[in-house]
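Architecture at a glance
The chain contents come next:
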Amino acid sequence: VQLQASGGGLVQAGGSLRLSCAASGRTFSSYFMGWFRQAPGKEREFVAAISRSGGRTYYSDSVKGRFTISRDNAKNTVYLQMNSLKPEDTAVYYCAADPTLHSDYRERIGEYHYWGQGTLVTVSS
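The residue count restarts for each chain, going from 1 along the sequence in the order it is written. Reporting in this predicted model follows two pLDDT cut-offs: at least 70 for local features of residues, and 80 or more for side-chain atom pairs to be given and counted; totals over whole chains, interfaces and linings ignore these cut-offs and use all residues. Hydrogens are left out, water is left out, and the side-chain values use all remaining heavy atoms of the structure.

Our next topic: the nonpolar core. Buried Ala, Val, Leu, Ile, Met, Phe, Trp, Tyr and Cys residues form a nonpolar core when they are joined through side-chain atoms within 4.5 Å. In this scheme, a residue with accessible area under 20% of its type's maximum is buried, one over 50% is exposed, and one in between is partly exposed, where area comes from a 1.4 Å probe on protein chains only. Met33, Trp35, Leu80, Met82 and Tyr93 are the most contacted members of the largest nonpolar core, which totals 29 residues. Per the convention used, a helix needs a DSSP run of H or I reaching at least four residues, while a strand needs a run of E reaching at least two, with both numbered from the N terminus. Contributing elements (two or more residues each) for this core: strand S1 (3–6), strand S3 (17–23), strand S4 (32–38), strand S5 (45–50), strand S7 (67–72), strand S8 (77–82), strand S9 (91–98) and strand S11 (119–124). We call two residues in contact whenever any of their non-hydrogen atoms come within 4.5 Å of each other. Not counting the four nearest positions on each side in its chain, methionine 82 is found in contact with Gly15, Ser16, Leu17, Leu19, Arg66, Phe67, Tyr93 and Val121. Listed in part, the 8 residues of the second largest apolar core include Phe36, Ala49, Ala96 and Tyr112.

Below is the structure:
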């Protein structure tokens, strides 16, 4: 599967953005999906993940209550709605997918087989 992330940009603190990740192929619903981010000079970190049906979602503590992950399997797209953005949310955001990943390993970068190219989110103070 090929992933194309979009929706990044410059936003003021307290603002919102919605990221999208469009996937190619006809088996999108069989992929466990995740969002990760990498800030300058830092390691890539888990942000959120969603089960194949969309029935279960998972978040890092740093974004819980502010970000919402969702997916539309008919449109082969996963979304990340980001509200109440903070300067520390500034990063390149990546979507990732894997057909066999178990949710217990959702935060492990190495468990995702497919990655998008990343989209830059900059939050100004």
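To continue, consider the pattern of salt bridges. Between Lys or Arg on one side and Asp or Glu on the other, a salt bridge is scored when a side-chain nitrogen of the former is within 4 Å of a carboxyl oxygen of the latter. Across all of its chains, the model carries 4 salt bridges by this definition. Among the salt bridges present, the one from aspartate 61 reaches lysine 64, with a minimum N-O distance of 3.4 Å. In this structure aspartate 61 comes out as exposed when scored by relative accessible area, which is 70%. Ionic pairing is found between arginine 66 and aspartate 89, a salt bridge with its closest N-O pair at 2.7 Å. You can see arginine 66 sitting in the loop between strand S6 (57–59) and S7 and its partner aspartate 89 sitting in the loop between S8 and S9, a full 23 residues away along the chain. Here arginine 66 matches aspartate 89 in class, with each residue buried. Connected through shared salt-bridge partners, Arg37, Glu45, Arg66 and Asp89 make up one network.

Moving on to unusual backbone geometry. One non-glycine residue, asparagine 76, lies in positive phi territory at about 55°. With a phi close to 50°, serine 84 is a non-glycine residue in the positive phi region. Among the secondary structure elements, serine 84 is positioned in the loop between S8 and S9. Owing to a relative accessible area of 41%, serine 84 belongs among the partly exposed residues under this scheme.

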